[in-house]
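As a plain string of letters, each chain reads:
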Amino acid sequence: MNVVAESAVRPARPGNAGRGEWGRRWGLRLVALLALGVLWQVTATVMHNPAFIPSPGAVWHRLVQTSTTHDGVRGYSGHLLIEHLGVSLRRILIGSAIGVTGGLLVGVLMGAVGWVRVVTEPVVTFVRALPPLAYFSLFIIWFGIDETPKLWLLSIAALPPVAVATASAVSAAPTALVEAVRALGASRWAAIRDVVLPSALPEIFTGIRLAVGIAYSSVVAAETINGVPGIGGMVRDAQRYSQTDVVVLGLFAIGLSGLAIDAVLRVIEQRLIPWRGKY
């Protein structure tokens, strides 16, 4: 058989196929982004109303302006864009950590103890159905307008998704394995720790990703009051003065940093749960 025939029947290497698929996927994403950019520019040109739809160039100018000191003015409201974003990320990190921790504890109890689930499930569902601004006013009355009500808001917003996902995963744990471990002398909580939680990790991590996303989407509501510095506070302040380009810039900052956070969570998930999707 000649070389041409051998190359024709030789299967493609998995690595090359994977790289080709990766290239096509990112190529499609790039084309979609370019198409959206062109559509945005055309729409802004046709509308010719920067207060309604600012052009990409105007938003880029605001990015440069809010990231530097220009004519004695430092960023936006005295803080650079990266500082606004950093303050919001710190609030999200603390609030999400509190909410996720509370959600894990509540979810494990709901999934493992029947009467706890009966008592707490309606409360968790009720809180999950409330929009953040509905109880943010209460937190302002109770805790004032500093950091405390913002952290409470983000924590409460992040708790229900983790609690629901954890309770569902714990209650769906393989009964045969739990009974086998108990038969070998393990206590109930040891069985939960060694069997139930590892089997529930994939669904729990999905709940954590949802919780962080909900906390991030609530940051604008959290920073409605006394939110500067903060990216949500910057957006809110710019909205009051019809600075649409700043609003759009803030939305881009929130969305792109949210994508970065989700990517980090995906990497952590792959490291902690390498068996997900393989069985």
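Please read all numbers here as calculations on a predicted model, not as lab measurements.

Asker: Talk me through the UniProt feature "transmembrane region" (unreviewed entry) in the protein; I want residue IDs and the actual numbers.
Answerer: Within the UniProt annotation, "transmembrane region" (unreviewed entry) is assigned to residues 26–47, 92–116, 123–145, 151–178 and 246–268. Between the C-alpha atoms that bound residues 151–178 there is a distance of 38 Å. The span itself is 89% helix and 0% strand.

Asker: Pulling in residues and values, what's your account of the pattern of salt bridges?
Answerer: Counting across every chain of the model gives 10 salt bridges. Where E147 meets R90, a salt bridge forms, and the shortest distance between an N and an O atom there is 3.5 Å. One end of the pair, E147, is in helix α7 (residues 147–171); the other, R90, is in helix α4 (residues 81–112), with 57 residues separating them in the sequence. Relative accessible area serves as the criterion here: at 26%, E147 is assigned to the partly exposed category. With a closest N to O distance of 3.7 Å, R209 and E269 form a salt bridge. With a gap of 60 residues between them, R209 in helix α9 (residues 188–217) and E269 in helix α12 (residues 244–272) connect regions that are remote in the sequence. You can call R209 partly exposed: its relative accessible area is 22%. In this structure E269 comes out as buried when scored by relative accessible area, which is 8%. Through salt bridges with shared partners, one network takes in R90, R91, E147 and E223.

How each quantity is defined
Note that residues are indexed from 1 along each chain, following the sequence as it is written. Given that the model is predicted, a residue must reach a pLDDT of at least 70 before its local features are reported, and side-chain atom pairs must reach 80 or more before they are shown or counted; all residues, however, enter totals for whole chains, interfaces and linings. Hydrogens and water molecules were not included; the side-chain quantities draw on all heavy atoms of the structure. UniProt positions are given in the numbering used here, feature names are shortened, and annotations may be inferred rather than shown by experiment. Secondary structure elements follow DSSP: runs of H or I no shorter than four residues count as helices, runs of E no shorter than two count as strands, and numbering proceeds from the N terminus. One side-chain nitrogen of Lys or Arg within 4 Å of one carboxyl oxygen of Asp or Glu is enough to make a salt bridge. Only protein chains enter the accessibility calculation, which uses a 1.4 Å probe; a residue is then buried when its area is under 20% of its type maximum, exposed when over 50%, and partly exposed in between.

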